[in-house]
Structures are given as structure tokens and as C-alpha cells.
Amino acid sequence: MRTVTIVATGPQVLVQDLGRPGFAHLGVPPSGALDAPALRLANRLVGNAESLAGLEILLGGLRLRAESPCFVAVTGPSASITVDGRQRGTHTPIHLSIGDELTLAQPTDGLRNYLAVNGGVAVDAELGSRSTDVLSGIGPAQVRAGDVVPLGEPRGIAAGADQLAASALPAELTLSVLLGPREDWFDEPAAQLRAGTWRVSPESNRIGLRLTGPALRRAAPYAGLELPSEPVVTGAVQVPANGRPVVFLADHPTTGGYPVVGVVPTSELATLAQVRPGTVVRLRPVG
């Protein structure tokens, strides 16, 4: 069996593919790579189907040793990569011989890098996906030092770069918000969103991007009221009792009892995988 051994990790390394959508009725979040375009690109670079599982690496610190010859590729924000002390690049296939050790440093910008190996990470699937869901605990355990990670058999050829590396994130991020379904619970919701400036909280994680800053005011008829739990989607901007928005990400609960003022479009969610605590966020109502 083809394998790699994890020598060391940073704060968090998870196995992720494109997730397990379609199980919300069972209370199962969609999960999957937060920056799906980065994982798709890493897979293409090593000749994999885009849907194969790779490693999602939070703030670097990964060291792995090849126990079989393989190609790997790292995407996401710019970060230093070495193989046995020799500098290598992101966004390009890297060949590892048996015994080679790859080290990934903390990215200079952003949060999460993605590492694909030709053949993909071949841990057991649950509900059709190999993704780790940190909310429900479904999927493989968090990757730890000493783990031996099984790999699938390669099906394609490492193809080289087909897309430029992502540019640095702006110091201030503006997110579109499609109002609803509970915007009527708030006093002039569009005006409040346009006027507000928030910052990303250090308490953010794969479940949600928590924002600190001004509290959204409830409309008078809804002040102090509770809302029965109802379904929520990825990108939902939920407003808990303290009035400070939370943008739900891939491992979000499938129902919630706080009003959702709007939803961030799917096309903008990958950026949220990379915004660091302290980043300024503006919410721009559209539609």
C-alpha cells in the first residue's frame, strides 16, 4: 500500500474532499474543504480527479515523509516549502522519493493550505465522503504526528500549473449578502449592514466566521422574541442574541434558532477560508 507518514503538524491538519452535501435532513453538515477551489487545483496539479481527498492545513507546521514515490502539490496562500532542506514552490507538482521529507511553513498570508497527493488520501469514507466534520465528528479523526496516511493508486499524470497562485487578501473584505429569510426581524436591515464595520473574531472556525463590532438592532415587534429552529444553509448570516453576525461555513449546524438576516453567495465563501482574525469585514446587501 502507498502511504505517507505525518512527522509533525501545526495547529490543525484535516482530511477534506468536496464534502457530503445532501444529508441536511439527517442533521449532517455538508463539510468539505473550506477553500474548495484550492483543493480542486491541488488535485489537478498531481493528476487527480478534483473530488479526491487531500489535507487541509491550518497555519502550516506540516512535515510528512514519503513511504512510497509520489507527487504532491500545495495550493492556497504563499508559504515556504522544503524537501529535505531544499526549497520548493507552491502551485506546482513536487516529486517525493521514498524517505523524502516535505516541510510546509506558516503561510505569509491567509490561513489554510491544501496538499494533494497523486492517488488521493484513501482513508475510509463515511456517507460518501472522506471529509472530517468538526461539528458532528463524522469522518476521519484530525491528522496527528505519527499517523500513517494511506494513498490511492494514481490514475492521471502530474500536469503542472494551470492557474496562477492566489493573490494576497485585502486588508478589508466586502461580502455580498442576499437579504432574507428573516430580515424583517431587524430595524432597517439593509441600512444597518451598509453602515456597519466588523472584524473577524479569533473564535472563528470551520463552523462559522464570527464577527466582532456593532450589534444589529432588532425591529420593535421582534425584540426579545425567540425563533423556533429552522433549516440554515452554508453562508447564512445568523444573528445570535448579542446581535453580532456569524457567517456559517462548511461544518455549520443544519438548523438554528436565531434569525438569519441574509446569505453570503457560494461564490464568495472560499475567501472566508483564508481571512485571519482582525480582518475588517463589511457586509453589502444585494438583491
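Everything here concerns the structure above.
Please read all numbers here as calculations on a predicted model, not as lab measurements.

Draft legend 1. Quick peek at the overall build of the chain. Helix and strand counts for the chain come out as three helices and 20 strands. Expected size for 287 residues packed as a compact globule is a radius of gyration near 19 Å; at 20 Å, the chain falls within 12% of this value. Its C-alpha atoms give the chain principal-axis dimensions of about 65 × 40 × 30 Å. Here the chain holds 287 residues, and 51% of them are scored as buried. For the chain, the proportion of contacts with a sequence separation of at least 24, taken over those separated by at least 6, is 77%. For the chain, the accessible area works out to roughly 12300 Å², and carbon and sulfur atoms hold 54% of it.

Draft legend 2. Main features of the nonpolar core. Counting 30 residues, the largest nonpolar core has Leu209, Leu272 and Leu283 as its most contacted members. Those elements giving two or more residues to this core turn out to be helix 1 (36-45), strand 12 (172-179), strand 13 (198-200), strand 14 (208-212), helix 3 (269-272) and strand 20 (280-286). Among residues more than four places away in sequence, those in contact with Leu283 are Leu175, Val177, Leu193, Arg194, Trp198, Leu211 and Pro245.

Draft legend 3. Focus on the pairing of strand 5 (residues 70-75). Burial within strand 5 is extensive, with five of its six residues counted as buried. Two elements, strand 5 and strand 8 (residues 94-96), share three bridges in a ladder whose sense is antiparallel. The partner of Cys70 across the bridge, within strand 8, is Leu96. Bridge analysis of strand 5 against strand 10 (residues 112-117) gives four bridges, and the strand direction is antiparallel. Pairing of Thr75 across the sheet is with Tyr114, part of strand 10.

Draft legend 4. Just the sheet that holds strand 5, in detail. What the five strands build is an open sheet, ordered 2-3-10-5-8; its pairing is antiparallel. Pairing within the sheet leaves two strands with one partner each, and these edge strands are strand 2 (12-16) and strand 8. Each adjacent strand pair in this sheet contributes to an overall mean axis angle of 25°, direction not counted. Lying over the sheet, helix 1 contacts strand 2, strand 3 (54-58), strand 5 and strand 10, oriented at roughly 150° with respect to strand 5.

Draft legend 5. Examining helix 1 more closely. Residues of helix 1 that are buried: Ala38, Leu39, Leu41, Ala42, Asn43 and Leu45. Buried residues along helix 1 sit in contact with strand 2, strand 3, strand 5 and strand 10. Gly47 lies just past helix 1 and shows a positive phi near 85°.

Draft legend 6. Just the sheet that holds strand 9 (residues 101-104), in detail. The strand order across the open sheet built from six strands is 7-6-9-4-1-11, with neighbouring strands paired in antiparallel fashion. The open sheet has two free edges, formed respectively by strand 7 (86-88) and strand 11 (148-150), since each of these has just one partner strand. Mean inter-strand twist for the sheet, computed between neighbouring axes without regard to direction, equals 30°. Here strand 1 (residues 3-8) runs beside strand 4 (residues 62-66); their pairing, made up of four bridges, is antiparallel. The residue of strand 4 that forms the bridge with Ala8 is Arg63.

Draft legend 7. Structural detail: the packing of aromatic side chains. Applying the stated rule across the entire model yields one aromatic pair. Ring geometry for Trp185 and Tyr222: centres 4.5 Å apart, planes at 20°, overall stacked. Pair noted here: Trp185 is in the loop between strand 12 and helix 2 (189-195) and Tyr222 is in the loop between strand 14 and strand 15 (230-231), with a separation of 37 residues, a long-range link. In this structure Tyr222 comes out as partly exposed when scored by relative accessible area, which is 23%.

Cut-off values and rules
Residues numbered from 1 in each chain as written. Predicted model: local features only at pLDDT ≥ 70, side-chain atom pairs only at ≥ 80, totals over all residues. Heavy atoms only, no water. Helix = DSSP H or I, 4+ residues; strand = E, 2+ residues; numbered from the N terminus. Rg over C-alpha atoms; globule rule 2.2 N^0.38 Å. Buried < 20%, exposed > 50% of the residue type's maximum accessible area, 1.4 Å probe, protein only. Contact = heavy atoms within 4.5 Å. Areas by Shrake-Rupley, 256 points an atom, 1.4 Å probe, with all protein chains shown as cover. Core = buried A, V, L, I, M, F, W, Y, C linked by side-chain atoms within 4.5 Å. Pairing = 2+ DSSP bridges. Axes fitted to C-alpha atoms, helices over the stretch in contact; angles between N-to-C directions. Phe/Tyr/Trp six-rings, centres within 6.5 Å; stacked < 30°, edge-to-face > 60°.

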